[in-house]
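Structural features, examined
Below, each chain spelled out in residue letters.
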Amino acid sequence: MKRKGIAAVFTVMLAGCLCTGCGQTKERVNEAGESVITVWSPTDEPAIEEWWVEKTETFNQAHKGRIHLRREAIVRADSYAYEDKINAAITSNDLPDILFVDGPTVSVYAANEIILPLDDLFSEEEWGDFLDSSKQQNTYDGKIYAVGATESSVALFYNADMLAEAGIRIPESKEEAWTWTEFYDAAKKLTKDGVVGTNIIMDKGEGLPYVLEQFWISNGTDLVSADGSQADGYINSPEGIEAAEFLNSLIQGGYANIDPIQKEFHNGRAATMLGGSWEVATLENDYPDLNWGITYFPVAENGILSSPTGDWVASVTKNTQDMEAAREVMRFLFSGENVTTYAKAISKPPTRISSYDVLTEYNEYPRSLIKEQLMETGHPRPRTPSYSVLSAEFSEAMLNIFTGVDAKEALDAAAAATDKDYNKYYAQE
Amino acid sequence: MTQKQRKQMGSLAFYIGNTIIGLIFVSPLIWMISASLKPEAEIFKGLNSISTFIPKAASLANYQEVFSRINMWKFIFNSLFYVMVIIALDLFVNSLCGYALAKFEFKGKNALLTLVISLMVFPAEAIMLPMYREMADLGWINTWASLIVPFVAKCFSIYMFRQFFLDIPNDLLEAAKIDGCGPVKTFFRVVVPISGTVYATILILDFVAHWNDFMWPLLVVTGEEKRTIQLAIQTFFGSKPINYGPIMASLTISAIPMLLMFVFLQKYYVEGIASTGIKG
Amino acid sequence: MQVSVNKKSERKAAYLFIIPAVVLLAAFLIYPALQTVRYAFTDYNIMRPDRIRFCGFNNFIELFQDKDFWIAVKNTFHFTVLVVPFQTVLALALALLISSRRKGVSIFRAAYFSPQVTSMVVVAILWTVLYNSNPNSGLLNALLVKLGMEPSGFLSDPKTAMNSIIFMSAWQGAGYQMMIFLAGLQGIPKDQYEAASIDGAGKIKSFLYVTLPGLKNVISYVIMITVIQAMKLFTQPYVMTKGGPQNATRTLVYYVYEQGFQKRNFGYACAVAAVFFVIVISLSVGMKKIIKA
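These numbers come from a predicted model, not from an experiment.

On to the overall build of chain A, then. From N to C terminus, chain A includes 17 helices and 11 strands. Relative to a compact globule of 429 residues, whose C-alpha radius of gyration would be 22 Å, chain A shows 24 Å and is just as compact. If one aligns the C-alpha atoms of chain A with their principal axes, the spans along those axes are about 75 × 55 × 55 Å. In chain A, which comprises 429 residues, the proportion classed as buried is 63%. Summed over its atoms, the accessible surface of chain A is roughly 16100 Å², and 49% of this surface lies on carbon and sulfur atoms. In chain A, which carries 35 positive and 68 negative side-chain charges, the distance between the mean positions of the two groups comes to 8 Å.

Put into structure tokens, the structure is as follows:
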């Protein structure tokens, strides 16, 4: 009878669902007695997915019977989605042994004891092979908590034809980088005929602190204190307010769009842009008709030369049960050879100085400029356990300033919110 | 004006009006399909003119890339599977409950109705983490159970079924009773067959809701085995720079099952269903 | 005898009918909801599930003094009060527009429903272009300037951001309610319309005296769920404005997400969620009473 049939199907389905749900927590030792080391890293381009498959194979062959490496790709839309996933795993104490995280969040996880210090992972000499900017990013409270294979930088991309026509000079060395005044004048001159002088909004999320923090640093301040415990007096210092007001002058004057259209610069609708190092490959591959160039990140009048850095890195979590095996995997993943091959596969600058001997493309313009900035003027984002709050508050403050709020007021609010978070959770330690 | 002319004017107005309004509603979909056929550099060119709706160098390259880059068929299957199971159970469980609330008398009926309405209020974002913990405690992480079971009972569906079942004339049910049908038989033999439109409506609305769901599958699914189509599409946003070509192609692919489902259910909306009067 | 047996079997049937739904709701909706309420009384920081401490009503006290919370309340009501009538009327109009037996109706039906099928990603990209504050890039502003008017900031202007979202949401959501109205229109017996036209009623009269009454239950349902869904607005602010500019589009559910997941103030977020729950429940129960009357 139809009714009985439906009820039967229903019961079977429900039962089926329940049965397939038997005990799926992280497996730490498999049937062959091998220590299972799980790695969570974000899903990425085919070249990187292949790199993982190949390297996992190699490692498992070499460590057969002792360690089994398993990598699980986690969907990363914007980094918020990935972090939601980590939050969930923290809740159920089910983190993988090795966890990839976005560079600036290392301090957050370190301060909350989610990840473990790795100072003795490499010898003093081996650590020396890694870029300072990368090590700085991964250090919290004097200890190193993560290792990365790639770095990133932001440079000033320009439309060579438009600049030539306007008679604007292009810096030949980092000492000649545009000052803020020159940047402003250039943007103003280049804004005409439906083209806007510059693009300073990479995106309205993490892109804002990533790119714009450097204006604070260049002006002699930063977003928080060096130990990450206080924002008041830094993000909203007089120098900071100056930086914010300078950036706002570009928006208010109409020399930069507050709502940039995708690929504004690539399509010739913006004369310059503060763009990520990855844009080099995009422009080379997809926009052969555009006559473009890159130059140094702008510097404040008599200010400090500074440029953004930062990329995803790997850490070892507190849920690991075989620290020895985890360290072995880390040393493998971030060996000289593997850092080089990874960086090459993803077309990003490597973190190891020795890798640059192999990846000679970084000796030629435009990539040489990226390398120069990384090695000489790179400044990672602030190391503070309240980074998530700071980043969100900074983005919001900047967008508020761009839509008319007084700079001091907006930055004061951001400082207050950040300090509140720090004092609520981290101050008593 | 003759009757015929008036009718023709009416028809003309009908078609013109609906076409204009229809275009306004459907233009993003058309843009998306068009973008999926364009090479990467073309997608954001000329967003200000009509030409953005027309793919100049139209090709299926983006689609090829999607299928070669990721295991798209598997993800389509995964989504189809778990969504269809939810829907099947959803229609069954919630219509029963809605019917009881509409047509039966029992102790606690009003309390249950109030409860159902109240629970509609709780936003998923607020209870996502406790729900996740519950899945972890049950050992359901990364299983079909976690994708399906929590979503079978839905307050919106229960309430909607109830509202529609309220409108079923009691005489119809009385007639069935007189014929000797118990409540269960009455429901399946009399009520369900005349409620095709309601079932179809809830089917399509819930299908769309679950098909587009991203947050929950993100939390409970790891790796490729049970990855859903929305998760797969989001993976394209992870690379720097973002390649919009494959994204548009995969979004178009994702829209197809929903449109097919919609077309498939057309017959429940065709005007002319006989009145629900009582026939001898 | 016959009657009491029927009553009993009806009661038994009733419980049988509601058991599966009730069990599932209790296990997967009520239980997590109670957990959320429980966490509202703690200082739960997501990063430290081992350090959850009871803190009484602290979160609630903080909440009532939180400027951002009250702004979120205001925004949420602003959105709801405007979107519900706008979207409902639009949906009903669309449903009436296509409840006809003319050929090709199914195509229009699909067209009006298509925003529901179009991914939020695409919707966000295109509406950002539509709303772009620069007349060189934004279609609406280009039109305004052509007509000799001032360009508007739309999503970038705190004064117009929420209204821009309202308009876009109505466009996107009308298809959903339209489907429900269509189902409702199906249920009105045709003989009622025939009787009305025999009595000499024109289109408008038959709408007022046959259609509307016939849709009474459906309309009350649609309004109820639209209000609830409107109060729960999250996706559009999340994707398009991140609650800005200047707090203009920060809704309650977005605030819950922001506090709970981004700032990891989970205990506080649960308190906000609990208060949100109370607000919306009171609203819906109140509405239910009004509709009954």
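Now that the structure has been shown, the text picks up again.
Along the chain, Y365 of chain A connects to P366 of chain A via a cis peptide bond; the corresponding omega equals 0°. Tracing the backbone through its elements, the reader meets P366 of chain A in the loop between α14 (355–358) and α15 (367–376). In the segment running from G244 of chain C into P245 of chain C, the intervening peptide bond is cis, with an omega of -10°. Looking at the secondary structure, you find P245 of chain C in the loop between α11 (235–241) and α12 (252–262). The phi torsion at K263 of chain A lies on the positive side, around 60°, for a residue other than glycine. Tracing the backbone through its elements, the reader meets K263 of chain A in the loop between α10 (238–252) and β7 (272–276). For K263 of chain A, a relative accessible area of 15% corresponds to the buried category. Phi is positive for S347 of chain A, close to 55°, though the residue is something other than glycine. Along the polypeptide, S347 of chain A turns up in the loop between α13 (336–346) and α14.

Next up on the list: the packing of helix α4 (residues 109–119) of chain B against helix α7 (residues 155–166) of chain B. All names here are of chain B. One can describe the packing of α4 onto α7 by two numbers: an axis separation of 8 Å at closest approach and a directional angle of 130°. Overall, the two elements α4 and α7 adopt an arrangement that is oblique. Where α4 crosses over α7, the two elements pack in a sense that is left-handed. Counting all contacts with α4, which are made through L113, V116, I117 and L119, the residues of α7 involved are C155, I158, Y159 and R162. A class-by-class count of the residues in the contact of α4 with α7 yields seven nonpolar, no polar and one charged.

Moving on, we come to a negative patch on the surface. All names here are of chain A. There is a patch of like negative charges on the surface, built from E239, E242, E245, E301, D406 and E409. Here the negative patch gets three residues from one element, more than from any other, and that element is α10. Inspection of the secondary structure puts D406 in the loop between α16 (387–402) and α17 (407–425). Taking the relative accessible area as the measure of exposure, D406 reaches 42% and is therefore partly exposed.

All names here are of chain C. Helix α6 (residues 139–146) packs onto helix α5 (residues 120–131) with a crossing angle of 20° between their chain directions and a minimal axis gap of 4 Å. With respect to α6, the element α5 is oriented roughly parallel. Of the residues in α6, those in contact with V129, L130 and Y131 of α5 are L139, L140 and N141.

Further remarks concern the sheet that holds strand β8 (residues 292–295) of chain A. Residue and element names in this part refer to chain A. Judged by pairing direction, the sheet is antiparallel, and its three strands sit side by side in the order β7-β6-β8 without closing on themselves. Where the open sheet ends on each side, the last strands, each with one partner, are β7 and β8. With strand direction ignored, the average angle separating the axes of adjacent strands in the sheet is 35°. For strand β6 (residues 154–159) and β7, the ladder comprises five bridges, and the chain directions are antiparallel. The residue of β7 that forms the bridge with Y158 is T272. Along the sheet, α15 contacts β6 and β8; its crossing angle with β8, the most-contacted strand, is approximately 20°.

A separate point is the interface of chain B and chain C. If you look at the interface, chain B gives 94 residues, while chain C gives 94 residues. Across the chain B to chain C interface the summed buried area is about 8500 Å²; carbon plus sulfur atoms make up 75%. Counting every contact that joins chain B to chain C gives zero salt bridges. Seen at the junction of chain B and chain C, the total is 14 residue pairs in polar contact (both at pLDDT 80 or more). Of all elements in the fold, only α1 (3–36), α3 (72–103), α4, α5 (124–138), α7, α9 (183–191), α10 (196–211) and α13 (244–264) of chain B reach the threshold of two or more residues within the side of chain B that touches chain C. Top contributing element to the side of chain B that touches chain C by residue count: α1 of chain B, with 16 residues. A breakdown of the residues in the side of chain B that touches chain C according to their chemical character gives 66 nonpolar, 17 polar and 11 charged.

Hydrogen bonds between backbone atoms are what pair the strands of a sheet, whose relative direction is either parallel or antiparallel. Residues and elements named next belong to chain A. Read from one edge to the other, the open sheet built from four strands follows the order β2-β1-β3-β10, with strand pairing classed as mixed. For this open sheet the edge positions go to β2 (67–74) and β10 (312–316), each flanked by a neighbour on one side alone. In this sheet, neighbouring strand axes are inclined to one another by 25° on average, regardless of whether the strands run parallel or antiparallel. Bridging between strand β3 (residues 98–102) and β10 involves five bridges; their strand directions are antiparallel.

Among the residues making up helix α2 (residues 61–69) of chain B, those that are buried are N62, Y63, V66 and R69 of chain B. In an axial view of α2 of chain B, the angular spread of the buried residues amounts to 145°, which keeps them on one side of the axis. Pointing more than 90 degrees away from the buried face of α2 of chain B are the exposed residues Q64 and S68 of chain B. Those residues of α2 of chain B hidden inside the fold are in contact with α2 (46–62) of chain A together with α1, α3 and α13 of chain B.

Each partner contributes residues to the interface: chain A has 37 residues there, and chain C has 31 residues. Among the residues of chain A in contact with chain C, N87, D259 and Y425 of chain A are the three that bury the most area, contributing 18% of the side total. Linking chain A with chain C are five salt bridges, by the criterion used here. One salt bridge connects R250 of chain C with E396 of chain A, and the closest N-O pair in it is separated by 3.2 Å. The tally of links between chain A and chain C comes to 14 residue pairs in polar contact (both at pLDDT 80 or more).

What follows concerns the confidence of the model for chain A. Residue and element names in this part refer to chain A. In this model, chain A carries an average pLDDT of 90, and 93% of its residues clear a pLDDT of 70 or more. Here residues 1–8 scores under 50 on pLDDT; set against residues more than four positions off or in separate chains, the count is four contacts. Low confidence marks residues 16–24, where pLDDT is under 50. Its contacts with residues over four positions away, or in another chain, come to 17 contacts.

Before going further, it helps to examine the pairing of β7 of chain A. Burial analysis of β7 of chain A places five of its five residues in the buried class, the great majority of the element. Judged by which residues are buried, β7 of chain A turns out to be covered on both faces: T272, L274 and G276 of chain A on one side and M273 and G275 of chain A on the other are all buried.

Scoring rules and cut-offs
Residues numbered from 1 in each chain as written. Chains lettered and ligands numbered in written order. Predicted model: local features only at pLDDT ≥ 70, side-chain atom pairs only at ≥ 80, totals over all residues. Heavy atoms only, no water. Helix = DSSP H or I, 4+ residues; strand = E, 2+ residues; numbered from the N terminus. Rg over C-alpha atoms; globule rule 2.2 N^0.38 Å. Buried < 20%, exposed > 50% of the residue type's maximum accessible area, 1.4 Å probe, protein only. Areas by Shrake-Rupley, 256 points an atom, 1.4 Å probe, with all protein chains shown as cover. Lys, Arg positive; Asp, Glu negative; His and termini not counted. Charge placed at Lys NZ, Arg CZ, Asp CG, Glu CD. Axes fitted to C-alpha atoms, helices over the stretch in contact; angles between N-to-C directions. Parallel < 35°, antiparallel > 145°, perpendicular 65-115°, else oblique. Left-handed = near helix turned anticlockwise from the far one by under 90°. Contact = heavy atoms within 4.5 Å. Nonpolar A, V, L, I, M, F, W, Y, C, P; charged D, E, K, R; others polar. Patch = residues over 30% accessible without salt bridge, like charges linked within 9 Å, V, L, I, M, F, W, Y side chains within 5 Å. Salt bridge = Lys/Arg side-chain N within 4 Å of Asp/Glu carboxyl O. Pairing = 2+ DSSP bridges. Buried area = accessible area lost by both parts, 1.4 Å probe. Polar contact = N/O pair within 3.5 Å; in protein donor to acceptor, adjacent residues only side chain to side chain. Arc of directions from axis to C-beta. pLDDT = per-residue confidence, 0-100.

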